[in-house]
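What follows is the residue order along each chain.
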Amino acid sequence: MEDRGEEIKSWLKEAIRRGYSDLEIRDLLNSNGYSPEEIHGVFVMKRKFKKNKLIFQKDKVKLNRFSKTSEQVPEEIREVYDLLLQTRIEVAKVIIGQKDVVDAFMCALLCDGHVLLEGVPGIAKTLLVKTLAQASGCLSHRIQFTVDLLPSDIVGITTYTPEKGFEVIKGPVFANFIIGDEINRSPPKTQSALIEAMQEKQVTIGKQTFPLPSPFFVMANNNPLESSGVYDLPEAQVDRFLFKVIMGYPNGSEEVKIMEDNMTLRKFESFDIKPILSAEKILEMQEITKKIHMDDKIKNYIVRLVEKTRKRDFDNGKYIEWGGSPRASIGIFIASKAWALMNGRNYVIPQDVKDIAHYVLRHRIILNYKARAEGITSDKIIDEIFAIVNI
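Since the model is a prediction, treat every value here as computed from it, not as a measurement. (Residues numbered from 1 in each chain as written. Predicted model: local features only at pLDDT ≥ 70, side-chain atom pairs only at ≥ 80, totals over all residues. Heavy atoms only, no water.)

**Here we look at the overall build of the chain**
Now for step 1: When helices and strands are counted, the chain shows 16 helices and eleven strands.
Now for step 2: Considering the chain as a whole, with its 391 residues, one finds that 49% of them fall into the buried category.
Now for step 3: When contacts within the chain are restricted to residue pairs at least 6 apart in sequence, long-range pairs at least 24 apart make up 78% of them.
Now for step 4: Total accessible area on the chain stands at roughly 20,100 Å², and carbon and sulfur atoms take up 52% of it. (Helix = DSSP H or I, 4+ residues; strand = E, 2+ residues; numbered from the N terminus. Buried < 20%, exposed > 50% of the residue type's maximum accessible area, 1.4 Å probe, protein only. Contact = heavy atoms within 4.5 Å. Areas by Shrake-Rupley, 256 points an atom, 1.4 Å probe, with all protein chains shown as cover.)

Pasting the structure below:
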């Protein structure tokens with residue numbers, strides 16, 4: 001306990017020196033898992049500092065909120081954390097609330113993965129990706145999937161004109177950020193054109209194969225409201241998405257802000273989104289993500305979690321038709337590293353696994369008809385697995 005007290009004391013001195021308010025300090029401690037009693041003890045300690053007239057020089061350097069002693073954090077981790085923090089600030093100029101969704105998107109970007117987003121119309125799904133692309137300094141294209149959309153409308157075509165001869169006209173898939181709007185409105189043939197691009201990072205037009213720009217990030221959204229005129233994504237295709245993210249309604253106070261400041265009243269350009277990142281910087285951050293340390297115990301923890309979905313030897317296991325594949329283990333592995341990096345650490349802790357597992361597993365656990373009839377969701381099954389499997 002004495003070591004922990006000294007650690008908190010050292011962290012608090014650093015926080016005061018860097019000019020953090022009481023509200024910010026409370027938020028940082030709460031986010032890092034400190035109990036209310038521990039947080040109260042920290043403020044008692046802070047009052048003693050003030051009583052003893054301990055003065056700390058203030059500066060504007062951001063304190064890493066997930067490291068008690070910031071000197072232990074490598075410089076490249078601090079740089080990535082600060083860049084992601086600035087990116088969040090830019091996105092927040094346009095997107096009100098939805099913090100968990102924004103964090104999930106940024107995590108997938110660090111993993112070089114793709115996101116399947118589900119939510120009702122009108123909650124800024126498309127605007128979120130457009131804003132994130134702008135803040136990332138990358139090119140974005142939107143593809144509206146319809147029943148008559150052809151694969152060539154996505155990847156491009158080879159055309160002939162008498163003056164130029166044969167030439168390739170590239171499709172909208174040639175961008176860093178792709179928004180696939182209502183992907184389930186198109187038949188599987190058209191869906192597979194985008195899925196192939198996601199997996200191979202290249203497309204074939206005529207007899208030529210073209211690499212896609214890097215980074216390449218796809219956000220596709222399902223229309224969850226209708227059953228006629230839509231084509232469900234086959235499970236094998238859904239598995240290509242690293243994350244499935246559920247985007248819900250804003251709360252009351254957020255919706256008031258949305259009414260006062262929205263895209264109906266203002267043009268997107270007027271929000272003045274500054275490009276914090278660049279394509280090159282994102283690729284560099286993806287390489288840093290791969291270097292994040294993960295202990296063997298956590299690796300085994302991930303394997304046991306995914307294995308549990310296959311063995312089905314628990315109460316709600318009877319509702320599982322198919323469990324997670326090794327791609328699920330790989331997804332949790334790399335996403336946990338990215339989550340640790342986003343939280344300013346160069347190592348993974350078990351909580352990182354718990355924070356991202358629902359994103360990775362919810363679309364990889366295939367439920368049977370009994371589960372659908374009884375209203376059992378994959379999220380409920382994942383919660384039960386976490387309650388059973390210990391680190």
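What follows picks up the thread again.
**Some thoughts on unusual backbone geometry**
Now for step 1: Of note, the amide linkage connecting Ser-214 to Pro-215 takes the cis form, showing an omega dihedral of -5°.
Now for step 2: Tracing the backbone through its elements, the reader meets Pro-215 in the loop between strand E7 (208-211) and strand E8 (217-222).
Now for step 3: Notably, Glu-182 is not glycine yet its phi reads approximately 50°, a positive angle.
Now for step 4: Looking at the secondary structure, you find Glu-182 in the loop between strand E5 (177-181) and helix H8 (188-200).
Now for step 5: Even without being glycine, Arg-312 reaches a positive phi, approximately 60°.

**Quick word on empty space enclosed by the protein**
Now for step 1: Here the structure, examined in full by the defined rule, presents one cavity of 30 Å³ or more.
Now for step 2: The calculated volume of the largest cavity comes to roughly 50 Å³.
Now for step 3: Lining the largest cavity, in full, are Leu-84, Thr-87, Met-106, Leu-109, Leu-110, Leu-132, Ser-136, Leu-277, Ile-282 and Met-285.
Now for step 4: Breaking the lining of the largest cavity down by element, the ones donating at least two residues are helix H4 (75-92), helix H5 (99-111) and helix H11 (279-291).
Now for step 5: The leading source of residues in the lining of the largest cavity is H5, at three residues.
Now for step 6: The class makeup of the residues in the lining of the largest cavity is eight nonpolar, two polar and no charged. (1 Å grid on protein atoms, 1.4 Å probe; cavity = no way out; pocket = protein on both sides within 12 Å on 5 of 7 lines; lining within 4 Å. Points joined across faces, edges and corners; volume = space filled by probe spheres on them. Nonpolar A, V, L, I, M, F, W, Y, C, P; charged D, E, K, R; others polar.)

**So, the sheet that holds E5**
The strands making up a sheet are joined through hydrogen bonds of the backbone, oriented either antiparallel or parallel.
Now for step 1: Taken in spatial order, the five strands make up an open sheet running E2-E5-E8-E1-E9, and their pairing is parallel. At either end of the open sheet lies a strand with only one pairing partner, and these are strand E2 (140-144) and strand E9 (243-246). Here the average twist between neighbouring strands, direction ignored, is 20°.
Now for step 2: Pairing of E2 with E5 involves five bridges; the strand directions are parallel. From the neighbouring strand, Arg-142 faces E5, where its bridge partner is Ile-179. (Pairing = 2+ DSSP bridges. Axes fitted to C-alpha atoms, helices over the stretch in contact; angles between N-to-C directions.)

**Details of the nonpolar core**
Now for step 1: Core analysis: the largest hydrophobic core is formed by 79 residues, its most contacted members being Phe-105, Cys-107, Phe-243 and Ile-381.
Now for step 2: With ten residues, the single largest contributor to this core is H5.
Now for step 3: Once you skip the residues sitting within four places of it in the chain, Phe-243 turns out to touch Ala-104, Cys-107, Ala-108, His-114, Val-115, Leu-116, Ala-335, Tyr-359, Val-360 and His-363.
Now for step 4: In terms of nonpolar packing, the next biggest core, distinct from the first, is built from 26 residues, Ile-143, Ile-154, Phe-174 and Met-198 among them. (Core = buried A, V, L, I, M, F, W, Y, C linked by side-chain atoms within 4.5 Å.)

**Remarks on the pattern of salt bridges**
Now for step 1: Here the structure, examined in full by the defined rule, presents 18 salt bridges.
Now for step 2: The salt bridge involving Lys-201 is made with Asp-112; its shortest N-O contact spans 3.1 Å. Residue Lys-201 is located in the loop between H8 and strand E6 (202-205), and its partner Asp-112 is located in the loop between H5 and strand E1 (115-118); the two are separated by 89 residues in the primary sequence.
Now for step 3: A residue is classified by how much of its surface remains accessible, and Asp-112, at 33% relative accessible area, is partly exposed.
Now for step 4: With a closest N to O distance of 2.8 Å, Asp-239 and Arg-327 form a salt bridge. One end of the pair, Asp-239, is in the loop between helix H9 (235-238) and E9; the other, Arg-327, is in helix H13 (residues 326-342), and 88 residues separate them in sequence.
Now for step 5: Three or more residues are tied together by salt bridges with common partners; here these are Glu-79, Lys-281 and Glu-284. (Salt bridge = Lys/Arg side-chain N within 4 Å of Asp/Glu carboxyl O.)

**What about the layout of surface pockets?**
Now for step 1: Space inside the largest pocket adds up to approximately 790 Å³.
Now for step 2: Along the walls of the largest pocket sit 23 residues, with Glu-118, Lys-244, Arg-362, His-363 and Arg-372 positioned nearest its centre.
Now for step 3: Broken down by secondary-structure element, the contributors of at least two residues to the lining of the largest pocket are E1, H9, E9, strand E11 (366-367) and helix H16 (378-388).
Now for step 4: When the residues that make up the lining of the largest pocket are grouped by side-chain class, the tally is ten nonpolar, six polar and seven charged.

**Comments concerning the confidence of the model for the chain**
Now for step 1: Per-residue pLDDT for the chain averages 84, and the proportion of residues at 70 or more is 87%.
Now for step 2: Averaged pLDDT values for the elements of the chain fall to 67 in helix H1 (residues 2-17) and rise to 95 in H13.
Now for step 3: Under a pLDDT of 50 for its full length, residues 53-71 has, in the predicted model, 53 contacts with residues more than four places off or in other chains. (pLDDT = per-residue confidence, 0-100.)

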